[in-house]
Amino acid sequence: MKKLESPIEYLKGVGPAKGELLRKELGVYTFGDLLVNYPFRYVDKTKFHKVRDLNTAGAEVQIKGILRSVNTIGEGGKKRLVAKLRDDTGVVELVWFRGIHWLSRSLEVGKEYIVFGKVNEFNRKFNIPHPEIEAVNLQNAREESTFSPVYASTEKLNNRGLDSKGRRKLLKTIFEQIKMGEDLPENLPDYMIEKLKLVPHSLAMKNIHFPKSQKELDLARFRLKFEELFFLQLRLLRIKRRRVDEVRGFVFKVVGDYFHQFFNEKLPFELTGAQKRVVKEIRRDLGAGSQMNRLLQGDVGSGKTIVALLSMLIAIDNGYQAVLVAPTEILAQQHYIGISEDLEGIDLKVAFLAGSVKGKKRKLLLEELAEGKINILVGTHAVFEDPVIFKNLGLAIIDEQHRFGVAQRSKLWKKSSPYPAHIMVMSATPIPRTLAMTLYGDLEVSVIDELPPGRKEIDTSHKMEGNRLRVIGFMKEQIKLGRQIYIVYPLIEESEKLDLANLMSGYETLLRDFPMPEYQISIVHGRMKAKEKDFEMQRFIKNETQIMIATTVIEVGVNVPNASVMIIENAERFGLSQLHQLRGRVGRGAEKSYCILMTSYKLSDNSKERLATMVRTNNGFEIAEADLKLRGSGNIEGTQQSGVINLNLADLGTDQKILTTARAVATQILEKDPKLEHPANARLAAHMRKKAKNIKVWSRIS
Ligand code: ADP
Ligand code: MG
């Protein structure tokens, strides 16, 4: 067996108990797993704090000094070990509540130690509880002269000596036992290493744990980030190529009467240049013979719906049915109504399916769908259910896609034969380029990067609670002018009860401060039945109510052009893309529109930055980039579930340049050597084979 595949408990210093702990706490099963458990930061071992300068509780410090005394104090639960460490400026106490027995035997008074830990304030004196402590000796002076890695740890690990110090020891043992070139073989071809000036794989693996200088560390991190992103892109691009080459699809040969009739007679406006370009891209793909898998990106209000409709007409022109799926019933219904109106006078049947469509009505619909009498089905995820059978589904469009799980989408594949239907997913808000490259790296991507003419910037401001009265005055003014207003409250901790309480108390406060018998108010929240929600929405759409108070159920897609003010309560609780999406509900009509972000005074830096971004720009692509930078790629909605982004070291927010290079290099290589058969690429092929064995079934559905 290869050394790095050895079970972790066989490592000297581990054993069965610690082995179990490493498996449970860190998912470390083998020697190799421990190696790729990279440090998350480093302590500069050349820099020492002076005892005299300790003055901030919570600060992390490193002190070098002589141990003056070690004493066990107290009894029972209060028993602790107190040691005094002296440097040339003073004495600091070190305190341990656990591991007392072992420590009191191993610490030697009079010896020089390096101590690392967090400062604590107790009785107006500073001490350091549970520091890492290590005797200064020649060996660590030589080998860890500069940087010492810090590993993510847990209480349980720390208690068993598997803290950073313990882990460093284990890693050292591994590096002593392995043969660098053999156990950590090079996985990139020499020509890449030379061209990109990379350090060898094995050296990078060693230096990421034990760098002797900042330069060594930077080189190691760059190398490992690069290979991580490169192999991810290589895999995605191969999947994409394979799909285009191998997954046959329906060929939509013609653009026919329905498309032309609609385009010439019914299109309510001239398409923007970007819309025209995207429709052309889609048309080309639909006729090419392989299954289309496309992501359609565009900012809120950029006009994705009309592109969806035109694409569906192409499917119908070729004798196929089409389906449009939206994440909520309200949104699906709006699409249904909008599309039905657009197609008035054209001999096509559009139908609506959601959970609320039941009984006879549902039965009839399903029959007509199976017989092919329905051309376009618009609905919620209800269309994914098994009894929903199409005669010949050719195109499926999924709006605001991030809300659907992969499993749901996979059901679409079974709804047509002999080929899977063409699939287009439309993003609710823009996705940063690097994220799209990765999350959707195996899809075709079309971008609508232009808004329809005449759009006005939405005037966005951030107001604190103290401005409440002015905001209410502004609302009154706007309603007098004939406008409508949204007021949105956040969902709190996914608890619908709390959510409702919050909304209701907000509503009551509003009514108390703002009595307005002459105006009507709608409320929509998550606990209402679909029918009730819809009833209230319709009242607002018809301008029977002037104020819509809602939780985020109105977030996506809803279109009420007369609404010109969006007030977001507790705006600091929303993510950037959500805020942008909410703001996109206004600015849809001719009137100047406003978005007011209400917050309390106490805001984290991160919240401040998010709010400032909203005030600064209306551009969804810019906002998406800022979001990625603020949150890091691991936290972006949809990335965790997708299973695609499981990056160990690289971050799509901060490592955009490396990613772009990695993708470009992978593209070039596959263009020349699609199957990686060239001898120069042997290492790549071998690495991909090895990876494929280790990776759980990895399939992309849409
Ligand atoms: P989104 O991309 O957010 O789904 P929609 O498709 O809902 O945007 O379009 C937003 C609004 O812009 C709609 O009222 C739509 O009719 C209008 N619209 C779309 N394309 C154009 C265009 N080329 N010219 C003018 N208005 C357009
Ligand atoms: Mg939309």
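Residues numbered from 1 in each chain as written. Chains lettered and ligands numbered in written order. Predicted model: local features only at pLDDT ≥ 70, side-chain atom pairs only at ≥ 80, totals over all residues. Heavy atoms only, no water.

## Details of the overall build of the protein chain
Part 1 of the reasoning: What the protein chain contains, in helices and strands, is 26 helices and 22 strands.
Part 2 of the reasoning: For the protein chain, contacts bridging at least 24 residues in sequence account for 73% of all contacts bridging at least 6.
Part 3 of the reasoning: Only carbon and sulfur atoms are counted for the fraction: they give 51% of the accessible area of the protein chain, which is about 33,800 Å².
Part 4 of the reasoning: If you average the places of the 109 positive and of the 86 negative side-chain charges in the protein chain, the two averages end up 4 Å apart. (Helix = DSSP H or I, 4+ residues; strand = E, 2+ residues; numbered from the N terminus. Contact = heavy atoms within 4.5 Å. Areas by Shrake-Rupley, 256 points an atom, 1.4 Å probe, with all protein chains shown as cover. Lys, Arg positive; Asp, Glu negative; His and termini not counted. Charge placed at Lys NZ, Arg CZ, Asp CG, Glu CD.)

## A few points about the packing of aromatic side chains
Part 1 of the reasoning: Tallying each qualifying case throughout the model produces 11 aromatic pairs.
Part 2 of the reasoning: Relative to Tyr419, the ring of Phe250 has its centre 5.5 Å away and its plane inclined at 70°; by these criteria the two rings are edge-to-face. On the criterion of sequence distance, the pair formed by Phe250 in the loop between helix 10 (214-246) and helix 11 (257-266) and Tyr419 in the loop between helix 16 (406-410) and strand 15 (422-426) is long-range, its members being 169 residues apart.
Part 3 of the reasoning: Counting every residue linked through ring pairs, the aromatic cluster contains Phe222, Phe226, Phe230 and Phe231.
Part 4 of the reasoning: Here Lys206 stacks its cationic end above the ring of Phe175, 5.8 Å away from the centre of that ring.
Part 5 of the reasoning: Sitting over the face of the ring of Tyr594, Lys592 holds its NZ or CZ atom 5.6 Å from the ring centroid. (Phe/Tyr/Trp six-rings, centres within 6.5 Å; stacked < 30°, edge-to-face > 60°. Lys NZ or Arg CZ within 6 Å of the ring centre and 35° of its normal.)

## Some details on the site of ligand 1
Part 1 of the reasoning: In the vicinity of ligand 1 there are 16 residues, among which Glu270, Gln275, Gly301, Thr305 and Arg455 approach most closely.
Part 2 of the reasoning: Gln275 places a side-chain nitrogen or oxygen 2.8 Å from a nitrogen atom of ligand 1.
Part 3 of the reasoning: Contact between ligand 1 and Gly301: an oxygen atom at 2.6 Å from a main-chain N or O atom of the residue.
Part 4 of the reasoning: Residue classes in the shell around ligand 1 are distributed as 4 nonpolar, 7 polar and 5 charged. (Near = heavy atom within 4 Å. Polar contact = N/O pair within 3.5 Å; in protein donor to acceptor, adjacent residues only side chain to side chain. Nonpolar A, V, L, I, M, F, W, Y, C, P; charged D, E, K, R; others polar.)

## Brief notes about the pattern of salt bridges
Part 1 of the reasoning: All told, the structure shown has 26 salt bridges when counted by the stated rule.
Part 2 of the reasoning: Across the pair Lys240 and Glu444 runs a salt bridge whose closest N-O atoms are separated by 4.0 Å. Pair noted here: Lys240 is in helix 10 and Glu444 is in strand 16 (residues 444-448), with a separation of 204 residues, a long-range link. Taken individually, Lys240 and Glu444 each receive the classification buried, so the pair is uniform in this respect.
Part 3 of the reasoning: Glu281 serves as the salt-bridge partner of Arg277, at 3.5 Å between the closest nitrogen and oxygen. Separated by 4 residues within a single helix, Arg277 and Glu281 lie in helix 12 (residues 273-286), roughly one turn from each other. (Salt bridge = Lys/Arg side-chain N within 4 Å of Asp/Glu carboxyl O. Buried < 20%, exposed > 50% of the residue type's maximum accessible area, 1.4 Å probe, protein only.)

## Digging into the sheet that holds strand 19 (residues 521-524)
Part 1 of the reasoning: The sheet built from 6 strands is open, its strands ordered 17-22-21-18-20-19 with parallel pairing. Pairing within the sheet leaves two strands with one partner each, and these edge strands are strand 17 (459-464) and strand 19. Each strand of the sheet is rotated relative to its neighbour by a mean of 15°, with strand direction disregarded.
Part 2 of the reasoning: Both strand 19 and strand 20 (residues 547-550) contribute to a ladder of 4 bridges, which runs parallel. Within the sheet, the bridge partner assigned to Ile523 lies in strand 20 and is Ile549.
Part 3 of the reasoning: Against the sheet, helix 18 (residues 468-480) engages strand 17, strand 18 (484-488), strand 20, strand 21 (563-568) and strand 22 (594-599), with an angle of about 155° to strand 22.
Part 4 of the reasoning: The sheet contacts of helix 21 (residues 576-583) involve strand 17, strand 18, strand 21 and strand 22, and relative to strand 21 the element is tilted by about 155°. (Pairing = 2+ DSSP bridges. Axes fitted to C-alpha atoms, helices over the stretch in contact; angles between N-to-C directions.)

## A short note on helix 21
Part 1 of the reasoning: Helix 21 sits mainly inside the fold: 6 of its 8 residues count as buried.
Part 2 of the reasoning: Inspection of helix 21 places Leu576, Leu579, His580, Gln581, Leu582 and Arg583 among the buried residues, and these make up the whole buried set.

## As for the packing of helix 14 (residues 329-342) against helix 20 (residues 530-541)
Part 1 of the reasoning: Axis separation between helix 14 and helix 20 bottoms out at 10 Å; the angle between their running directions is 50°. Taken together, the axis directions place helix 14 and helix 20 in an arrangement best described as oblique. Every pair of crossing elements has a handedness; the one defined by helix 14 and helix 20 is right-handed. On helix 20, the residues touching Glu329, Ile330, Gln333, Gln334 and Ile337 of helix 14 are Ala530, Lys533, Asp534, Met537, Gln538 and Ile541.
Part 2 of the reasoning: A class-by-class count of the residues in the contact of helix 14 with helix 20 yields 5 nonpolar, 3 polar and 3 charged. (Parallel < 35°, antiparallel > 145°, perpendicular 65-115°, else oblique. Left-handed = near helix turned anticlockwise from the far one by under 90°.)

## Remarks on the domain arrangement of the protein chain
Part 1 of the reasoning: Taken as a whole, the protein chain is organised into domain 1 (1-43 + 145-184), domain 2 (46-141), domain 3 (210-247 + 651-701), domain 4 (257-448) and domain 5 (459-617).
Part 2 of the reasoning: Between the C-alpha centres of domain 1 and domain 5 the distance comes to 51 Å. (Domains from an automatic or database assignment.)

## A few points about the environment of Pro129
Part 1 of the reasoning: For Pro129, the location among the structural elements is in strand 7 (residues 125-129).
Part 2 of the reasoning: With 13 residues separating them in the primary sequence, Pro129 and Phe116 have C-alpha atoms 10.0 Å apart.
Part 3 of the reasoning: Sequence-distant contacts of Pro129, defined by excluding residues within four places in its chain, comprise Val95, Lys118 and Asn120.

## A few points about the nonpolar core
Part 1 of the reasoning: Leu188, Phe230 and Leu377 are the most contacted members of the largest nonpolar core, which totals 62 residues.
Part 2 of the reasoning: Of the residues forming this core, the biggest block, 8 residues, is contributed by helix 10.
Part 3 of the reasoning: Counting the residues that make up this core, at least three belong to each of domain 3 (210-247 + 651-701) and domain 4 (257-448).
Part 4 of the reasoning: Excluding anything up to four places from it in sequence, Phe230 contacts Leu188, Met192, Ala662, Val665, Ala666, Ile669 and Leu684. (Core = buried A, V, L, I, M, F, W, Y, C linked by side-chain atoms within 4.5 Å.)

## Remarks on the confidence of the model for the protein chain
Part 1 of the reasoning: The predicted model of the protein chain has a mean per-residue pLDDT of 87, with 91% of residues at 70 or higher.
Part 2 of the reasoning: Confidence drops under pLDDT 50 across residues 639-643; counting only partners more than four residues distant or on other chains, this segment forms 8 contacts.
Part 3 of the reasoning: Between residues 696-702, whose pLDDT stays under 50, and residues either more than four places distant or in other chains, the model counts 21 contacts. (pLDDT = per-residue confidence, 0-100.)

## Regarding the packing of helix 11 against helix 13 (residues 304-317)
Part 1 of the reasoning: Across the interface, helix 11 lies against helix 13 with an axial gap of 7 Å and an inter-helix angle of 145°. On helix 13, the residues touching Asp257, Tyr258, Phe259, Phe262 and Phe263 of helix 11 are Ile306, Leu309, Leu310, Leu313, Ile314, Ile316 and Asp317.
Part 2 of the reasoning: Grouping the amino acids of the contact of helix 11 with helix 13 by side-chain chemistry returns 10 nonpolar, no polar and 2 charged.

## Considerations on the environment of Asn127
Part 1 of the reasoning: Tracing the backbone shows Asn127 in strand 7.
Part 2 of the reasoning: Remark: the alpha-carbon pair of Asn127 and Lys84, spanning 43 residues in sequence, is separated by 9.6 Å.
Part 3 of the reasoning: Setting aside anything within four residues of it in sequence, one finds Asn127 in contact with Val92, Glu93, Val95, Lys118, Val119, Asn120 and Phe122.

## Section: the pairing of strand 14 (residues 393-398)
Part 1 of the reasoning: Judged by how many residues are buried, strand 14 sits mostly within the fold: 6 of 6 residues are covered.
Part 2 of the reasoning: Pairing of strand 11 (residues 321-325) with strand 14 involves 5 bridges; the strand directions are parallel. Note that in strand 14 the partner of Ala322 across the bridge is Leu395.
Part 3 of the reasoning: Bridge count for strand 14 against strand 15 is 4 bridges, and the pairing is parallel. Its bridge partner being in strand 15, Ile398 is matched across the sheet by Val425.

## Thoughts on the sheet that holds strand 6 (residues 120-122)
Part 1 of the reasoning: Taken together, the 7 strands give an open sheet; going across it, the order is 6-7-4-3-2-5-8, and neighbouring strands pair in mixed fashion. Lying at the two open borders of the sheet, with one neighbouring strand each, are strand 6 and strand 8 (132-135). Pairs of neighbouring strands in the sheet enclose a mean axial angle of 45°, with direction left out of account.
Part 2 of the reasoning: Summarising the sheet, strand 3 (residues 80-87) and strand 4 (residues 90-96) pair through 7 bridges and their orientation is antiparallel. Each residue of the ladder has a partner; that of Ala83, found in strand 4, is Leu94.

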